[in-house]
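# Examining the three-dimensional arrangement
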Amino acid sequence: MSNERYNAKVVEPKWQEAWNAAEVFRAERDEREKYYVLEMFPYPSGRIHMGHVRNYTMGDVVARYKSARGFNVLHPMGWDAFGMPAENAAMEKGVHPGDWTYKNIDDMRAQLKPMGLSIDWSREFATCDPEYYGQQQAMFIDMMEQGLVYRKNAVVNWDPVDMTVLANEQVIDGKGWRSGAVVERKELTQWFFKISEYSEELLAAIDGLKDWPEKVRIMQANWIGKSRGVEIDFDMTEAAYGVEVVTCYSTRPDTLHGASFLAISPDHPLAKALEADREDVAAFNIEARKGGTTEEAMEKAEKLGFDTGLTVHHPAEDRALPVWIGNFVLMEYGTGAVFGCPAHDQRDLDFARKYDLMVRNAFFVPGDDTDVGREALVPEKTLKVSYVNHFAGVTDASAEDAINTTIDWFVAKCKGRETIKYRLRDWGVSRQRYWGCPIPVVHCDSCGVVPEKKENLPVALPKDVSFETPGNPLDRHPTWRDVPCPKCGKPAKRETDTMDTFVDSSWYFARFTAPRAETPTVMADAEYWMNVDQYIGGIEHAILHLLYSRFFARAMHMTGHLPPTATEPFNALFTQGMVTHETYSTPGKDGRPVWRTPDEVRLMEAGAELIATGEAVDVGPVIKMSKSKKNVVDPEDIIDQYGADTARWFVMSDSPPERDVEWTASGAEAAWKHLQRVWRLTDEAVQTVIGQEPSADEALALQKATHRAIQDVTDGIEGFAFNKSVAALYQFTNTVAKSKAGRAAKLSALKTMAQLMQPMTPHLAEEVWAATGGEGLVAQAPWPKVDPALLEDDTVTLPIQINGKRRDEISVSKDLDKAALEALALENAAVQKALNGGSPKKVIVVPGRIINVVV
RNA sequence: GCGGGCGUGAUGGAAUGGUAGACAUACCGGACUUAAAAUCCGGAGGCCUUAGCGCCGUGCGGGUUCAAGUCCCGCCGCCCGCACCA
């Protein structure tokens, strides 16, 4: 016996070279049915992490499996390469964002390749390649022509020191995260995509996304936020500032009887007219507009109101309502004005209590239409029939029916219109930054906004920029910025805004189908490869990235860059869980914990200690691997120590793919031991001297176990339950190890095992395949077929229940019919005892499953 | 507040309404070894002055069913998403 250890360091590069030499993963259009697998492409931070390993291994399992199943598989890889970290690095280290990014891509590719992923690297690109973003600019121009792009003024967070626009998450306590300067709200003219025009379409099409997680579908639907209601006109008792009518939007018009005031936004036209005239209003509005746009700020902000002294008529009753300005009313939603119904809305109640406004019950309680007490009533849980319903003739109904009836009643009786509103806003894509895709337009004094000529694309980023002065370097780059107008040729200026990086990632999946084309896509390629059959990535992209991509697929169809069959980009979506790890810390001087990496810590039976000093270590909760808590394990170290197959096997085992998986040293060790064991079994089988007496029974048993394994591993992969496939392979390995079958039978079992392991541990699989006499590469071998006859045993063990409790079991031939099984069960000693001479009330026989005797 | 999900051994987790705890980790015992590692074999949900053909057991309380971790109703706990959205 050679008892040679499996050496991943030697074996893995060997097979990777063999795959490359045979161009096994090269995807070309052909006669076969296609299958497009895609994992969300990475941002080139410079290092791969365990989350990448898990994400790409899942995709690789699917890709290799589908390939074995006879599909023509497309499995590409690229880089989401524009974005702020490159500019931050430029400012901190003085490197050019492009140099920094391409260096990171090289580093990450070098870390990724040893994983042995079945990727067609010939299709690789980065979104910061001018060949990519130039095509994106072409599409931008096409979208302008289709009316999908427009400019408008929008308020942004402006950092006056860094001279830059900040995203909400970059504003901390009202200050810029980098400069610490107090953030100002500034109005800028910005570019928008008309995604809101697709609100209904994007919402309705969610129903067709059958293979998306329910959770993501709900999140998208909520984000689009469709609501049905009524716009109600409130006539002013006396026109003021030319305003005669204030229109409110309401989804609960049935509470109109409870209306006791109107509240308008400080940005409502009426409020603005008042503020121009009256200093007290102006002062209030300044106060009311303060406060950040973050959730936290909104939560804490106090309700502020200002009584304008103006009044409106109640549309259905003979009384007047005061008009207030309220800081809680958003101009961006509805009409910027609401009627307050304090009796049935906590927010309105708070406001009414503070300013001593009337609280009127809108619901039908005879003899009680005044005050309802401290808490607002919730209509659904109390009374379903509002006064308005009552007037409309509804006596009892669900809240939804009541609202529908009321809307009809309203439109007939009052000045109101049924209205559908969406929460989804247009997508602002302007970023005042350098490291992004330049918006390909020119501003000309004579011609206005002019798109760049397509033959001049790409509008490439200039290389000679400096980040020493704050602000957008494009803005102060005269030779790049000052260009002739594409239309009239007079001196003009380029747009210096670049696009949101979400634009880059909204169509990369389509570009992979023809990555080197001179147009954004090639119709024949898009028709063949689109849609993505299986998309895999993190839940954190459940809304924005996926919604933008869905919008883009439609926009690309409209501009002729995708066929109508590809309006939905991703047929199936899978959102994988995170890789987690325990956290380790030692007490720091200031009482705050000093985080320690797993490398620094020795785990003991109770507790843990620092390897270097023996100092006691606190073992903290298991959380997502993150640099700040130092609970990270570098995939490169694991691959170095154990090989890629071990890392791949570990991240596929134990936890279901949609849940978090905890990385543990013992788990990694176990994965490695298992792979060693498989190799040892193979080696032993190969070294077995022929001439022993093989047992036919043993060979058959092994064959049956093989087919059971084929079935279970297949089910696991098909059901996206890779942990079950792994468990089935463990079980199969145990069976092979214990089997007394002869050499040929064992080699045959191991050869099938190689095929079943191939999606998860491709290198070891090749080695086992070669050793057991497999032809060619197992990566190109077809998936093994199950023989259903071998899944069944001739005898089965059936539990016998008495009154539903298991009391005994019998071993019977699988062919016995119900009557025979019943007879056997009644003869059973335990049953006899329970019957005590009597006869059973009932006997339930489920052949192959169970026998239950009811006494 | 609204919406969604999840509660099973020490741990990660299995289980078309049909033998709960597959598989793995950690643990315990044995073999091999001078010893350790590696490897191999075995044990293991809980309870019991009755060790059995025993009783109990999938967050808690009810229900449906011959049969419930699984279905229904009501609680409790945890996690996630959204939210001055009218």
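These figures come from a predicted structure and were not determined experimentally.

This part covers the overall build of chain A. Of the regular secondary structure elements, chain A holds 27 helices and 33 strands. With the C-alpha coordinates of chain A rotated into their principal frame, the extents come out at 110 × 90 × 65 Å. Put simply, chain A has 855 residues, and 52% of those count as buried. Taking the contacts inside chain A whose residues are at least 6 apart along the sequence as the reference set, 71% of them involve residues at least 24 apart. Averaged over its 96 positive side-chain charges, chain A has a centre that lies 2 Å from the centre of its 125 negative ones.

In a beta sheet, neighbouring strands are held together by backbone hydrogen bonds and run either parallel or antiparallel to one another. Here 4 strands make up an open sheet; going across it, the order is β2-β1-β22-β23 and the pairing parallel. Unpaired on one side and paired on the other, β2 (72–74) and β23 (573–576) mark the two borders of the sheet. Averaged over all neighbouring strand pairs, the angle between strand axes comes to 20°, with direction disregarded. Judged from the 4 bridges that link them, strand β22 (residues 534–538) and β23 form a sheet pairing that is parallel. In the strand pairing of β23, G538 is matched with Q576. The strands touched by helix α2 (residues 50–68) within the sheet are β1 (34–39), β2, β22 and β23, with β1 carrying the most contacts at an inclination of about 175°.

On to the nonpolar core. F193, Y508, F551, F552 and W663 are the most contacted members of the largest nonpolar core, which has 163 residues in total. The dominant element in this core, judged by the number of residues it contributes, is α2, at 9 residues. Once residues within four sequence positions are removed from consideration, Y508 is found in contact with L38, E39, M40, F41, F125, Y132, Y535 and H545. Counting 31 residues, the second-largest nonpolar core is a separate cluster that includes V246, A271, L274 and A337.

Right, let's get into the state of the cysteines. This structure, assessed with the given rule, holds 0 disulfides. Just so you know, C485 is unpaired, no disulfide at all, and the nearest cysteine sulfur is the one on C444, 3.7 Å from it. Relative accessible area serves as the criterion here: at 4%, C485 is assigned to the buried category.

On to the protein's contact with RNA strand B. Around RNA strand B sit 52 residues, and of these T251, K303, L330, K724 and N852 come closest. Within the backbone of T251, one N or O atom sits 2.6 Å away from a sugar or linking oxygen of RNA strand B. The separation between a phosphate oxygen of RNA strand B and a polar side-chain atom of R423 is 3.3 Å. Of the residues forming the surface near RNA strand B, the biggest block, 7 residues, is contributed by helix α23 (residues 722–738). Partitioned by chemical class, the residues of the surface near RNA strand B number 19 nonpolar, 12 polar and 21 charged.

Among the secondary structure elements, H561 is positioned in the loop between α18 (544–558) and β23. In this structure H561 touches M139, D142, P520, T521, M523 and M556, once residues within four positions along its chain are discounted.

Across the sheet, which stays open at both edges, the 4 strands sit in the order β18-β17-β20-β19 with antiparallel pairing between neighbours. The sheet is open, and its two edges are formed by β18 (448–451) and β19 (482–484), each paired on a single side. Neighbouring strand axes in the sheet, compared pairwise and without regard to direction, differ in orientation by 40° on average. The pairing of strand β17 (residues 441–444) with strand β20 (residues 491–494) spans 2 bridges and is classified as antiparallel. Paired with H443 across the bridge in β20 is K493.

In total, this model carries 39 salt bridges according to the counting rule given. Between K103 and D107 there is a salt bridge; the shortest N-O distance is 2.9 Å. Of this pair, K103 and D107 both sit in helix α4 (residues 97–112), 4 residues apart, which is roughly one turn of that helix. R123 is paired through a salt bridge with D120; the nearest N and O atoms lie 3.1 Å apart. Owing to a relative accessible area of 3%, D120 belongs among the buried residues under this scheme. One network of salt bridges, in which partners are shared, links E201, R550, R554 and E568.

Cut-offs and rules
Residues numbered from 1 in each chain as written. Chains lettered and ligands numbered in written order. Predicted model: local features only at pLDDT ≥ 70, side-chain atom pairs only at ≥ 80, totals over all residues. Heavy atoms only, no water. Helix = DSSP H or I, 4+ residues; strand = E, 2+ residues; numbered from the N terminus. Buried < 20%, exposed > 50% of the residue type's maximum accessible area, 1.4 Å probe, protein only. Contact = heavy atoms within 4.5 Å. Lys, Arg positive; Asp, Glu negative; His and termini not counted. Charge placed at Lys NZ, Arg CZ, Asp CG, Glu CD. Pairing = 2+ DSSP bridges. Axes fitted to C-alpha atoms, helices over the stretch in contact; angles between N-to-C directions. Core = buried A, V, L, I, M, F, W, Y, C linked by side-chain atoms within 4.5 Å. Disulfide = S-S within 2.5 Å. Near = heavy atom within 4 Å. Polar contact = N/O pair within 3.5 Å; in protein donor to acceptor, adjacent residues only side chain to side chain. Nonpolar A, V, L, I, M, F, W, Y, C, P; charged D, E, K, R; others polar. Salt bridge = Lys/Arg side-chain N within 4 Å of Asp/Glu carboxyl O.

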